[in-house]
Amino acid sequence: MSVAELKERHAASTAAVNALREKLKQKRLLLLDTDGEGRSARIVAGYAKAQSRTAVSFGPTDLVCCRTLQGHTGKVYSLDWTPEKNRIVSASQDGRLIVWNALTSQKTHAIKLPCAWVMTCAFSPTGQSVACGGLDSICSIFNLNSQADKDGNLPVSRMLSGHKGYVSSCQYLPDEDTRLITSSGDQTCMLWDVTTGQRISVFGGEFPSGHTADVLSISINGSNTNMFVSGSCDATARLWDTRIASRAVRTFHGHEGDVNTVKFFPDGQRFGSGSDDGTCRLFDMRTGHQLQVYSQQHGDNEVTIVTSIAFSISGRLLFAGYSNGDCHVWDTLVGKVVLNLGSLQNSHEGRISCLGLSADGSALCTGSWDRNLKIWAFGGHRRVI
C-alpha cells in the first residue's frame, strides 16, 4: 500500500471518528432538558415560594465589601465557614491555615502546615477541627483546642493517608465530625472515619463508572447526606451514594472543559457546576437533565474560567468566581448577571480562587490570588436572599 493510500485512509478514518463524536454530542444534547430556562425558572421560583420568599430586584448597594482579611503572604486557594457563621478558615500558598473571626477580622489561629502545597480546607460541623489537603496526597486534621508545641505550632491530630494523587477537596458530612469525604488527582473520592483514620469507601478508581481524570471538587447533599456530587477534569460531574461505592449513580454531561467546582442547590434536588469552559450549569439530580446554562460572552472569544460557586439560601442567586477577578451574581431565574463584585470598589485585584456563603446566608466571603479574603454583606433591607 502506497503512502498516498495510507494518508487517504487515515483522513477517512479521522473524518469518521469526528462524525461519530458529533453524533454522540448531539445525542447527549437531546437527553438534556430542551426547555432548560423555563424549567429552571419554575423550579427555583417554586423553591423560593416554599421558603416564603418572593422574587426581588438586586442592585449594587445590596452587597457591599465590609471587611478585608489580610494576613496571608501567598495566594489564597480555599476557604470555609463554620456553621455558626462567624469564623472562616482559609488555606494559602504560604503553607498556612488561618482561622479568622469574621466579625472582628482577628486571627484566632495561624497553623503552619507539614506540607506547604495546600489546596483545600474545611471546618468540621462543630467548628472544633479543621481539615486540609494538597500535593502531599494526605488529608490532615487539626484540633483547634489542642495545645501548641514549643514553637507555637498546632500539632496534626490525624493524617488520612490513602490517595495516590493530590487531595483537591475535602468536606465533612453535615452534623458528623467523624466522617469526611475527599477528592483527589488519582481520579477517586474517599469516605473516611476521622476518629480512627481509616478509609471506609473508595468511589471510582478501578470501577468503570468512575471518573477518568483528576477529581477537582465535591459537594455533599445537605438534605440527604448519603449523596454527594463530584466534578472532574474529564468534563463530567458524577453523583455518588456513600452506601454504594462500587458505581456512580449518574453521570452528568454538558461541560466542555474541566469541572472545577460543584455545589448542591439548597433543596438538595439539583446542583450547580462551574468549568474551564467559562460556564456554570444547573443539573437535575434525579433525571440527569441540564436545566440552565449561565454564560456570558467576552470579547475576542476570551474564556474566563469558573473557579468556585455558591448559592444563596433561597437559590435565587448564584455566586460565581472567575479567573479574571470577576465575581458574578447570577439571577438563577432568568440566567442573567445582576451584579459583578469585580467592578465594585474594594474588589479583588487577582483571580477569585474560592468563595463561600455564611451558614445564615447573610454574608459572602471571597478568596483571591491577591492574598486577601473579602467579606461581602447584604445591606439595607436585603438581609438574606
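Criteria and cut-off values
Residues numbered from 1 in each chain as written. Predicted model: local features only at pLDDT ≥ 70, side-chain atom pairs only at ≥ 80, totals over all residues. Heavy atoms only, no water. Helix = DSSP H or I, 4+ residues; strand = E, 2+ residues; numbered from the N terminus. Buried < 20%, exposed > 50% of the residue type's maximum accessible area, 1.4 Å probe, protein only. Contact = heavy atoms within 4.5 Å. Areas by Shrake-Rupley, 256 points an atom, 1.4 Å probe, with all protein chains shown as cover. Core = buried A, V, L, I, M, F, W, Y, C linked by side-chain atoms within 4.5 Å. pLDDT = per-residue confidence, 0-100. UniProt positions renumbered as here; feature names shortened; annotations may be inferred. Salt bridge = Lys/Arg side-chain N within 4 Å of Asp/Glu carboxyl O. Pairing = 2+ DSSP bridges. Axes fitted to C-alpha atoms, helices over the stretch in contact; angles between N-to-C directions.

A. Region of interest: the overall build of the protein. Counting its secondary structure elements, the protein contains two helices and 28 strands. Residue burial in the protein is summarised as follows: out of 385 residues, 53% are buried. Within the protein, residue pairs in contact and separated by at least 24 positions form 49% of the contacts whose partners lie at least 6 positions apart. Surface accessibility of the protein: about 17,100 Å² in total, with carbon and sulfur atoms responsible for 48%.

B. Spotlight on the nonpolar core. Counting 15 residues, the largest nonpolar core has Leu63, Phe319, Val329, Leu341, Leu364 and Trp376 as its most contacted members. Secondary structure elements with two or more residues in this core: β1 (63-69), β23 (317-322), β24 (327-331), β26 (352-357) and β28 (373-378). With near-sequence residues (within four places) excluded, Phe319 lies in contact with Leu63, Ser308, Ile309, Ala310, Phe311, Ser312, His328, Val329, Leu355, Leu357, Leu364 and Phe378.

C. Main features of the confidence of the model for the protein. On average, residues of the protein score 88 in pLDDT, and 88% of them are at 70 or above. A low-confidence stretch, residues 31-37 (pLDDT under 50), is modelled with 15 contacts involving residues beyond four sequence positions or located in other chains. Ignoring residues within four places in sequence, the model shows residues 52-56, a span with pLDDT below 50, making nine contacts including any to other chains.

D. Spatial organisation of the UniProt feature "repeat: WD" (unreviewed entry) in the protein. Taking the UniProt record as the reference, the feature "repeat: WD" (unreviewed entry) is found at residues 69-110, 160-202, 208-250, 252-293 and 345-376. The span residues 345-376 shows a helical share of 0% and a strand share of 50%, and its end C-alpha atoms are spaced 12 Å apart.

E. How the structure looks around the pattern of salt bridges. Tallied over the full model, the rule gives nine salt bridges. The shortest N-O distance in the salt bridge between Asp193 and Arg179 comes to 3.3 Å. Pair noted here: Asp193 is in strand β12 (residues 188-193) and Arg179 is in strand β11 (residues 179-184), with a separation of 14 residues, a long-range link. According to the relative accessible area criterion, Asp193 is buried, its value standing at 15%. Taking the relative accessible area as the measure of exposure, Arg179 reaches 26% and is therefore partly exposed.

F. Quick look at the sheet that holds strand β8 (residues 138-143). The four strands are arranged β6-β7-β8-β9 in an open sheet whose pairing can be described as antiparallel. Whereas interior strands pair on both sides, the edge strands pair on one side only; in this sheet they are β6 (118-123) and β9 (158-161). Adjacent strand axes in the sheet meet at a mean angle of 20° when their direction is disregarded. As paired elements, strand β7 (residues 129-134) and β8 share five bridges and run antiparallel to each other.

G. Just unusual backbone geometry, in detail. A positive phi angle, close to 65°, is found at Asp175, a residue other than glycine. Structurally, the position occupied by Asp175 is in the loop between β10 (167-172) and β11.

H. Up close: the environment of Arg199. For Arg199, the location among the structural elements is in strand β13 (residues 198-204). Contacts of Arg199, omitting those with residues within four sequence positions, involve Gly162, Met190, Leu191 and Trp192.

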